[in-house]
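Per-entry structural report
These are the residues of each chain, in order.
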Amino acid sequence: QAAKPHVVVLATGGTIAGAGASTLNSVTYVAAKVPVEKLLAGLPELASVARLTGEQVFQTASESFNNEHLLTLARRVSALTKQADVDGIVITHGTDTLEETAYFLNLVVHSAKPIVVVGSMRPGTALSADGALNLYNAVSVAASQDAAGKGVLVTMNDEIQSGRDVAKSINIKTEAFKSQWGPLGMVVEGRNYWFRAPVKRHTVHSEFDIDAIETLPAVDIVYGYGNMNTTGIEAYGKAGVKALIHAGTGNGSVAAQAVDALKALRAQGVQIVRSSRVPDGFVLRNAEQPDDKYDWVVAHDLRPQKARILAMVALTKARDSKELQRIFWEY
Ligand SMILES: NC(=O)C[C@H](N)C(=O)O
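Residues numbered from 1 in each chain as written. Predicted model: local features only at pLDDT ≥ 70, side-chain atom pairs only at ≥ 80, totals over all residues. Heavy atoms only, no water.

**A look at helix H6 (residues 256-267)**
The cut-off we apply is this: A run of H or I in DSSP becomes a helix once it reaches four residues, and a run of E becomes a strand once it reaches two; helices and strands are each numbered from the N terminus. The span one expects for a helix is its residue count, reduced by one, times 1.5 Å. Accessible area is worked out with a 1.4 Å probe on protein chains only. A residue is then buried under 20% of its type maximum, exposed over 50%, and partly exposed in between. In this description, contact between two residues means that some pair of their heavy atoms is separated by no more than 4.5 Å.
Between its first and last C-alpha, H6 extends 17 Å over 12 residues, near the 16 Å set by a 1.5 Å rise per residue. Every buried residue belonging to H6 is among Ala258, Val259, Ala261, Leu262, Leu265 and Arg266, and all of these are buried. Packing partners of the buried residues in H6 comprise helix H5 (231-239), strand E12 (243-248), strand E13 (271-276), helix H7 (291-294) and helix H9 (321-330). Phi for glycine 269, located one or two positions after H6, is positive at around 100°.

**Considering the site of the ligand**
Here is the rule we go by: Nearness of a residue to a molecule or strand requires only that one of the residue's heavy atoms be within 4 Å of it. Under the rule applied, a polar contact is a pair of N or O atoms within 3.5 Å (in protein, one hydrogen donor and one hydrogen acceptor; residues adjacent in sequence only if both atoms are side-chain atoms). Shrake-Rupley sampling with a 1.4 Å probe provides the accessible areas, and residues are treated as covered by the protein chains on show and by no other component.
As a matter of local geometry, the ligand sits amid Gly14, Thr15, Tyr29, Ala61, Ser62, Glu63, Gly94, Thr95, Asp96 and Ser120. At 2.6 Å, a side-chain N or O of serine 62 approaches an oxygen atom of the ligand. Contact distances for the ligand include 2.8 Å between a nitrogen atom and a side-chain N or O atom of aspartate 96. Here the ligand has 270 Å² of accessible area as a free molecule, and 92% of this is covered by the chains.

**Quick look at the nonpolar core**
In globular proteins that are soluble, nonpolar side chains generally tend to be buried together. Selection criterion: Only buried residues count toward a nonpolar core. Its members are Ala, Val, Leu, Ile, Met, Phe, Trp, Tyr and Cys residues joined through side-chain atoms within 4.5 Å.
Of all hydrophobic cores here, the largest spans 79 residues; its most connected members are Val90, Phe104, Val108 and Phe328. Among residues more than four places away in sequence, those in contact with valine 108 are Ala74, Phe208, Asp209, Ile210, Ile213 and Val313. Counting 15 residues, the second-largest nonpolar core is a separate cluster that includes Val241, Leu244, Val270 and Tyr294.

**Side note on the UniProt feature "domain: L-asparaginase N-terminal" (unreviewed entry) in the protein**
Let me state the cut-off plainly: UniProt positions are given in the numbering used here, feature names are shortened, and annotations may be inferred rather than shown by experiment.
According to UniProt, the positions carrying the feature "domain: L-asparaginase N-terminal" (unreviewed entry) are residues 6-197. Taken as a whole, residues 6-197 contains 23% helix and 24% strand, while its terminal C-alpha atoms sit 24 Å from one another.

**As for the pairing of strand E5 (residues 153-156)**
As a reminder, the rule being used: Here, strands pair whenever DSSP counts at least two bridges between them.
Residues of E5 alternate between two faces, with Leu153 and Thr155 on one and Val154 and Met156 on the opposite face, all of them buried. By the bridge criterion, two bridges tie strand E4 (residues 115-118) to E5 in an arrangement that is parallel. Paired with valine 116 across the bridge in E5 is leucine 153. In the sheet, E5 pairs with strand E6 (residues 159-162) via four bridges, with the strands oriented antiparallel. Looking at E6, one finds that leucine 153 is bridged to serine 162.

**A short note on the sheet that holds strand E14 (residues 297-298)**
Strand order in the open sheet formed by four strands is E11-E12-E13-E14, with parallel pairing between adjacent strands. Each edge of the open sheet carries a strand with a single partner, namely strand E11 (219-223) and E14. Two strands pair when backbone bridges link them, and E12 and E13 are joined in this way by six bridges, in the parallel orientation. Directly across from histidine 246, in E13, lies its bridge partner arginine 274.

**As for the packing of aromatic side chains**
As a reminder of what qualifies: A pair of Phe, Tyr and Trp rings is counted when the ring centres sit within 6.5 Å of each other, with Trp represented by its six-membered ring. The angle between the planes then sorts it: under 30 degrees is stacked, over 60 is edge-to-face, the rest tilted. A ring is scored as having a charge over it whenever the NZ atom of a lysine or the CZ atom of an arginine sits within 6 Å of its centre and within 35 degrees of its normal.
Taken as a whole and assessed by the stated rule, the structure comprises three aromatic pairs. For the pair phenylalanine 58 and phenylalanine 65, a centre-to-centre distance of 5.6 Å together with 90° between the ring planes defines the contact as edge-to-face. Judged by its relative accessible area of 13%, phenylalanine 65 is buried. Where phenylalanine 208 meets tyrosine 331, the ring centres are 5.4 Å apart and the plane angle is 55°; that geometry is what we call tilted. Taken together, the residues span a long stretch of sequence, with phenylalanine 208 in the loop between strand E10 (191-194) and E11 and tyrosine 331 in the segment after H9 at a distance of 123 residues. In this structure, phenylalanine 208 and tyrosine 331 share a single accessibility class: buried. Over the face of the ring belonging to tryptophan 194 we find lysine 150, whose NZ or CZ atom lies 4.4 Å from the ring centre.

Set out below in structure tokens:
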């Protein structure tokens, strides 16, 4: 038993800790109910892959996660990775913003130790609940040496995904998490099968470190659509936003009236990041809009919610839009 790797499970809530009124409630239930001790005790199989410690960091549905949650969680993960007796970390999390937290940790935690974020689409009380196997897989991946140095990982539906690339792409199926670049591997019966590795900078290769970040700047998102108005853009400007992500149409295209409003914000010092509301693909610089001329940044292949995370982290250091653009290419 002493030879087994030590994995710390940080529980934050979500559906993986949810409970419904009956076994038929797969979608109607209350998230963030079951404490971490109960989650772990309900899965005795975990003892075959790791020595476990559970910690209840929060008990929340992930749609209510805020920047304070991100900072608190990342600091705890960072501190644990520095403990010689900790081999890997699992974070149980609601799936709604799981991809944002996973990407944040991927950017700011300086450790090669396996860090795995996991959730479920059905509460543990439902027929065919997916949380138990997802959690078993997460612990098993976090306990394995071959998961080290690959950045923050997400294990859902037997796949091992990169925390950078993955996003919730279907909200009613257990195969909810996808990356347009494909999973890194699969975990089957406690064994990892790897097929690729991330090339973007992460964890130990990141220039950002949670231990040096005290606060995160205000970064918000405006959504592009037909008949779009500029009320949101102007309101964020008045509220003092430091960067605004434009979730544009198509290749990150921007409606003519929004172009003027965004240019006005840029003139006030707000960084403008062009992303797209289209789930896959990526935004090219100076295509659709003259980014060089307007001094705007493109989000590369990051979805708006991930672009928000990177912009916040980047602005803890970056002083100009060129620096910000370099960061968007590299991370
Ligand atoms: N499946 C889930 O976990 C959804 C839930 N609303 C959450 O993100 O906490």
